[in-house]
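These are the residues of each chain, in order.
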Amino acid sequence: MNFQTRLAAKILNLGGVISNPTDTIQGLTCLPSYTHAMQKMGRLKRRPPKKGFILLASEVRFFQPFVQDIDLLTQISPQEQPTTYLLKARKGVSTLITGDFDTVAVRLTDNKLIANLCKKCNSALLSTSANITGKPTITSVFALNMTFKQELNFIIAPRNYNTQASQIINLQTGERLR
């Protein structure tokens, strides 16, 4: 694990908000255990609280604290096309994560950076695209700093990544939403 990844994990563990490449696009990331970090991420993105966020992880065990039916997690594996699954949220999961829904959005990935951050933080990562709601995803460190007025605690520079959004499947019903 390189210095940059270790530093990003340390900042996340202290309640910071970072920007990093994910398995799909450049994202904003924090840990779901820090209410102030989740609120900051929503404020920076200008995201309506009713929308909620996604949880990214490298292992399904990181989703267990958030999901009501943990047996359904055995049906999840990293996919060639990134796939986000909706599962019934465990009682007490913050509405900052779920928004106005009774589900939690989770995506399992074998992305090396995400895997390393999850292991160092011993947690799933709360994530959203690095942009102002309704605007294009940001693809440079300069634009990240300008857009978010240097309020991010750390930035891992964007890399070549898949700009296609993940498909979304309700794992309980099998319905494909995107």
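In short, a report on the structure. These numbers were taken from a predicted model, which means no experiment stands behind them.

Rules used throughout
- Residues numbered from 1 in each chain as written.
- Predicted model: local features only at pLDDT ≥ 70, side-chain atom pairs only at ≥ 80, totals over all residues.
- Heavy atoms only, no water.
- Helix = DSSP H or I, 4+ residues; strand = E, 2+ residues; numbered from the N terminus.
- Rg over C-alpha atoms; globule rule 2.2 N^0.38 Å.
- Buried < 20%, exposed > 50% of the residue type's maximum accessible area, 1.4 Å probe, protein only.
- Disulfide = S-S within 2.5 Å.
- 1 Å grid on protein atoms, 1.4 Å probe; cavity = no way out; pocket = protein on both sides within 12 Å on 5 of 7 lines; lining within 4 Å.
- Points joined across faces, edges and corners; volume = space filled by probe spheres on them.
- Nonpolar A, V, L, I, M, F, W, Y, C, P; charged D, E, K, R; others polar.
- Polar contact = N/O pair within 3.5 Å; in protein donor to acceptor, adjacent residues only side chain to side chain.

## Notes on the overall build of the protein
Secondary structure summary: the protein contains five helices and eight strands in total. Taking 2.2 N^0.38 as the reference for a compact globule, 178 residues should give roughly 16 Å; the C-alpha atoms of the protein span a radius of gyration of 15 Å, in line with that estimate. C-alpha atoms of the protein, sized along the principal axes, occupy 40 × 35 × 30 Å. For the protein, buried positions account for 53% of its 178 residues.

## Re unusual backbone geometry
The backbone of Arg46 shows a phi angle near 60°, a positive value even though the residue is not glycine. Structurally, the position occupied by Arg46 is in the loop between helix H2 (35–45) and strand S3 (54–57). Its identity is not glycine, yet Gln150 carries a phi of approximately 55°, on the positive side. Overall, the relative accessible area of 63% leaves Gln150 in the exposed class.

## Section: the state of the cysteines
In total, this model carries zero disulfides according to the counting rule given. The structure places no disulfide on Cys30, whose sulfur is separated from the nearest cysteine sulfur, that of Cys121, by 11 Å. Given a relative accessible area of 0%, Cys30 falls into the buried group. Free cysteine Cys121: the closest other cysteine sulfur is in Cys118, separated by 7.6 Å.

## Some words on the layout of surface pockets
The calculated volume of the largest pocket comes to roughly 800 Å³. Along the wall of the largest pocket there are 33 residues; nearest its centre are Arg47, Phe53, Ile54, Ile168 and Arg178. Elements represented by at least two residues in the lining of the largest pocket include exactly strand S2 (26–30), strand S4 (83–88), helix H3 (95–98), strand S5 (103–108) and strand S6 (125–129). Looking at which element gives the most residues to the lining of the largest pocket, the answer is S5, with four residues. Its residues assigned to classes, the lining of the largest pocket comprises 11 nonpolar, 17 polar and five charged.

## A look at the side chain of Thr24
With respect to the helices and strands, Thr24 occurs in the loop between strand S1 (18–21) and S2. At 3.4 Å, the side chain of Thr24 forms a polar contact with the side chain of Arg107.

## Here's the deal with helix H4 (residues 112–121)
Along H4, seven of the 10 residues are buried, which leaves the element largely enclosed by surrounding structure. Within the span of H4, buried status applies to Leu113, Ile114, Ala115, Asn116, Leu117, Cys118 and Cys121. With a side-chain oxygen positioned 3.0 Å from the backbone nitrogen of Leu113, the residue opening H4 is Asn111. In the stretch just after H4, Asn122 is the one whose phi turns positive, near 50°.

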